[in-house]
Amino acid sequence: MARKVIIAGNWKMNKTASEGKALVEELKPLVSEVTEAEIVVCPTFTTISTVVEAAAGSNIKVGSQNIHWAESGAFTGEISAVMLKEAGVEYAIIGHSERRQYFGETDVTVNQRLKAALAANLIPIVCIGETLEEREGGKTEKVLFTQLEGGLADITAEQIGGIVIAYEPVWAIGTGKTATPEMAEETHNYIRCQLKDMFGDAAEAVRIQYGGSMKPENSAELVAQKNIDGGLIGGASLKAESFADLIKNAIA
Ligand code: 13P
């Protein structure tokens, strides 16, 4: 099944609104001819509306880096899916390893956020991945299985095709250490098999991104793998030229 490549830039806690606007203005002409990949940028909450405005009419879509599971209420400091939707957001990263590591995110809260994203018609990008200790301890598959089972609880075969999974080995994030294309493909294939067990043939439609030190130099090899359908990019998405080169190489 042909799955459309999806490349998303996770800006993390970088870029003020004016910096984000400048980045998108620079990126737009560099990727304007790209039709083979969905392009998404995920700024901080305060930068979202400026970036939505800057990206309007282009092939660049906007995502958030998190969402809360409730629509509204007494949750100081949080932002809901409906608020993001109204601000022009179309995608939502959920369960990034930095949220799991620093902010107490669990598979249960990932699942709650996922349901809220789907209810608001946001395309969820659900992040999973093992730490170095878990990989070295031979626990990668078990960890991913648990994250998928918990994170995707109650999701139906009808819904799964609209969900993007981002496989991000924690040891490859911001370290310059990328999984080799073969190593990444082996894990992506495992994820696809698990999704098939859970959802049957509908799993074929799920896009599985790779994340962790993806850059212009390795995006082609990674995305060429059968079960790697794009990337979730940190560092290399913070400069227009490197993000554009990474995207073009990935679809070349
Ligand atoms: P880097 O591309 O900087 O390794 O970050 C990956 C990531 O965490 C994207 O969500």
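Now for a description of the structure that goes with this document. (Residues numbered from 1 in each chain as written. Predicted model: local features only at pLDDT ≥ 70, side-chain atom pairs only at ≥ 80, totals over all residues. Heavy atoms only, no water.)

Let's talk about the packing of helix H5 (residues 107-119) against helix H7 (residues 140-151)
Packed helices, taken two at a time, are described by their axes: the angle between them and the distance between them. At a closest axis distance of 8 Å, the pairing of H5 and H7 adopts a crossing angle of 45°. As judged from the angle between their axes, H5 and H7 are oblique. Regarding H5 and H7, the two cross each other, and that crossing is right-handed. Contacts between H5 and H7 pair Asp 107, Val 110, Asn 111 and Leu 114 from the former with Thr 146, Gln 147, Gly 150 and Gly 151 from the latter. (Axes fitted to C-alpha atoms, helices over the stretch in contact; angles between N-to-C directions. Helix = DSSP H or I, 4+ residues; strand = E, 2+ residues; numbered from the N terminus. Parallel < 35°, antiparallel > 145°, perpendicular 65-115°, else oblique. Left-handed = near helix turned anticlockwise from the far one by under 90°. Contact = heavy atoms within 4.5 Å.)

Details of the pairing of strand S3 (residues 60-64)
Within S3, four of the five residues are buried, which leaves the element mostly enclosed by the surrounding structure. Both strand S2 (residues 37-42) and S3 contribute to a ladder of three bridges, which runs parallel. The residue bridging Val 40 from the neighbouring strand is Lys 61, located in S3. Regarding topology, helix H2 (residues 45-55) serves as the crossover connection from S2 to the parallel S3, and that connection is right-handed. When S3 meets strand S4 (residues 91-94), the two strands line up parallel, connected through two bridges. Counted as the bridge partner of Ser 64 is Ala 92 from S4. At this point the chain moves from S3, through helix H3 (residues 81-86), to the parallel S4, and the crossover so formed is right-handed. (Buried < 20%, exposed > 50% of the residue type's maximum accessible area, 1.4 Å probe, protein only. Pairing = 2+ DSSP bridges. Right-handed = clockwise from strand over helix to strand, strands pointing away.)

Re a negative patch on the surface
Residues Glu 26, Glu 217, Glu 241 and Asp 245 make up a contiguous surface patch of negative charge. Mapping Glu 217 onto the fold places it in the loop between strand S7 (207-211) and helix H10 (219-223). Look at Glu 217 and you get exposed, because its relative accessible area is 63%. (Patch = residues over 30% accessible without salt bridge, like charges linked within 9 Å, V, L, I, M, F, W, Y side chains within 5 Å. Areas by Shrake-Rupley, 256 points an atom, 1.4 Å probe, with all protein chains shown as cover. Salt bridge = Lys/Arg side-chain N within 4 Å of Asp/Glu carboxyl O. Lys, Arg positive; Asp, Glu negative; His and termini not counted. Charge placed at Lys NZ, Arg CZ, Asp CG, Glu CD.)

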